[in-house]
Amino acid sequence: KLHTMKNKIALASAALIAASSVSQAEIVINDFLSFEGFVDMSYSHSDAKWDTDGTFGGPTDRKQSTNNFAVDQVEISWLFDFDPVTAQIDTTYIANGGLTTMGYNDNIEQAFVTYHMEEGAITAGRFYSMLGFEAFKAPGLYQYSTAYESEYLGDLSMLPSGGQGVKYTYNDDSFFFGVSLLDTTFGFDQNRLGGRGNSSWAVEVAGAYMMDEGLTFFLGGAYEDADQDGFGRAIDDAWVINGYVTYEMGAWLFAAETYYGQMDLDGDGVVAVDGKDKVWAGLLMANFAYSDDASVTGRYSYSRFDNDQLVGSNKPAFHKWTLAHNYAFTDNLGLVTEYSYINGNSDMDKYREHLAAVELIFTF
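Fair warning: this is a prediction, and the values are worked out from it, not measured in the lab. Per chain, the residues get numbers from 1 upward, laid out in the order the sequence is written. Residue-level local features of this predicted model are given only where pLDDT is at least 70; pairs of side-chain atoms are given and counted only at 80 or more, and the full residue set underlies all totals for whole chains, interfaces and linings. Excluded from the side-chain calculation are hydrogens and water; included are all heavy atoms of the structure.

Participant: It is not clear to me how the side chain of Ser34 should be interpreted in this structure. Could you clarify?
Facilitator: Secondary structure elements are defined from DSSP: runs of H or I of at least 4 residues count as helices, runs of E of at least 2 residues count as strands, and each element is numbered from the N terminus. Here Ser34 lies in strand S2 (residues 33-52). The cut-offs for exposure are 20% and 50% of the maximum accessible area for each residue type, with area from a 1.4 Å probe on protein chains only; residues under the lower value are buried, those over the upper are exposed, and the others partly exposed. When its relative accessible area of 6% is taken as the criterion, Ser34 is described as buried. Discounting residues that sit within four places of it in the chain, Ser34 has contacts with Glu26, Ile27, Val28, Ile29, Ser77, Trp78 and Leu79. For this analysis, residues touch if any pair of their heavy atoms sits within 4.5 Å.

Participant: I keep staring at the pairing of strand S11 (residues 200-210) and nothing clicks. Help me out?
Facilitator: On any regular strand, side chains alternate: one points to one face of the sheet, the next to the other face. Strand pairing requires that DSSP identify at least two bridges connecting the strands. By the bridge criterion, eight bridges tie strand S10 (residues 175-182) to S11 in an arrangement that is antiparallel. Directly across from Leu182, in S11, lies its bridge partner Ala202. With eleven bridges joining them, S11 and strand S12 (residues 215-226) adopt antiparallel strand pairing. Across the sheet, Ala206 pairs through a bridge with Gly220, a residue of S12. Count of turn residues in the S11/S12 antiparallel hairpin: four residues, of which Gly214 carries a positive phi of about 90 degrees.

Participant: Hey, could you run me through unusual backbone geometry in this one?
Facilitator: Generally, phi is negative for residues other than glycine and the peptide bonds are trans, each holding for most cases. Note that the residue after Asp83, namely Pro84, is joined by a cis bond; omega there is 15 degrees. Mapped onto the fold, Pro84 is located in the loop between strand S3 (61-82) and strand S4 (85-94). The phi dihedral of Asn107 falls on the positive side, at around 65 degrees, and the residue is not glycine. Residue placement: Asn107 occurs in the loop between S4 and strand S5 (108-116).

Participant: Would you take a moment to explain a nonpolar patch on the surface for this structure?
Facilitator: Patch membership requires more than 30% relative accessible area and the absence of a salt bridge. Residues of like charge join within 9 Å; the nonpolar side chains Val, Leu, Ile, Met, Phe, Trp and Tyr join within 5 Å. Only the protein chains shown count as covering a residue, and every accessible area follows the Shrake-Rupley method with a 1.4 Å probe. Salt bridge, as used here, is a side-chain nitrogen of Lys or Arg placed within 4 Å of a carboxyl oxygen of Asp or Glu. Taken together, the side chains of Tyr115, Met117, Ile122, Val166, Leu181 and Trp201 present a nonpolar region at the surface, about 510 Å² in accessible area. Counting through the fold element by element, Val166 comes out in strand S9 (residues 162-171).

Participant: I would appreciate a short explanation of the environment of Gln73 in the present structure.
Facilitator: Mapped onto the elements, Gln73 comes out in strand S3. Relative accessible area serves as the criterion here: at 11%, Gln73 is assigned to the buried category. Distance from Gln73 to Thr100, taken between C-alpha atoms, is 9.6 Å for residues 27 residues apart in sequence. Polar contact criterion, stated in full: a pair of N or O atoms within 3.5 Å, where within protein one must be able to donate a hydrogen and the other to accept it, and residues adjacent in sequence count only if both atoms are side-chain atoms. At 3.5 Å, the side chain of Gln73 forms a polar contact with the side chain of Glu75.

Participant: I keep staring at a negative patch on the surface and nothing clicks. Help me out?
Facilitator: Charge counting treats Lys and Arg as positive and Asp and Glu as negative, with His and both chain ends excluded. Every charge is mapped to an atom, namely NZ of Lys, CZ of Arg, CG of Asp or CD of Glu. Negative charge collects at one region of the surface, where Glu26, Asp31, Asp81 and Asp83 lie side by side. Among the structural elements, Glu26 can be located in the loop between helix H1 (8-11) and strand S1 (27-28).

Participant: Would you mind showing me how to read the environment of Ala317 here?
Facilitator: Tracing the sequence through the fold places Ala317 in strand S17 (residues 317-328). Along the sequence, Ala317 and Asp306 sit eleven residues apart, while their C-alpha atoms lie 8.7 Å from each other. Not counting the four nearest positions on each side in its chain, Ala317 is found in contact with Tyr302, Ser303, Arg304, Asn343, Gly344 and Asn345.

See below:
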């Protein structure tokens, strides 16, 4: 079916509304073992331009253009069912030796065991964050690119990706609740849950309420106490609050999301001083399924980043407009096309980017 997907909460055991180009169905080997997966390949063309005042001695005008074709990701999810215990292992290939969604380099995206009880479930292992409206994987996205992503600036989102730990979840037909304790959820100092030296620990809490009228409300937050961020900077802690609303009305799906995140930095007095990284961002999205096999999506997203560690003032922000089309040739083969325009600026320069992409997704 065209308009089904597993977004982050669905992956955490609550089925929320969403849409993608193709669907995944388990291939059953026996009563205890099945698997599913996908192959994601794409061609993209992007043009970027910076207009800067040359404050730091750099060029006052820069342009960059690139074409890229690649098999972006291949994933096979192995699903085990020994009722009341289930398990899942996601083996993943990422193009160009890239890291997995949670920043690991061992080609294991997720690996967890879940014990199902009458009231909820307990999960232990490596698993995704519960926060964020958009899915982590290509088959679950409405577009090729994510809302807070730029081809040249990278992923500007401060939403957590997940880590290793233990999680409790409860859900019924209308309510979802989850809480997890992790070694990291923002990707800091992985595999070090406290102790001497650089280490970190994190906690996530999330809840969702699904109404009969097609409305879904989500609110969640994450906090991490770490010693270093992903760039080797000394930090105190990081936290984020995230909320979104979805509304389904016939062939239409509407979504609105916002989040605010902050990371407290400990400067060394030479390279940087004590300060804060602060991010405020959000999106508005509408998806219209004009047939059983096709849908069109429009999305606007915004991100503002404040950093008071840098000399002077630097508060980059960008606005991103995206138009995408999804078409399912079959239940297992879909085509996504996208055009995005980004208009960004800071106190020192302006940034423009055009992105055009075609993505083919095969699921099994």
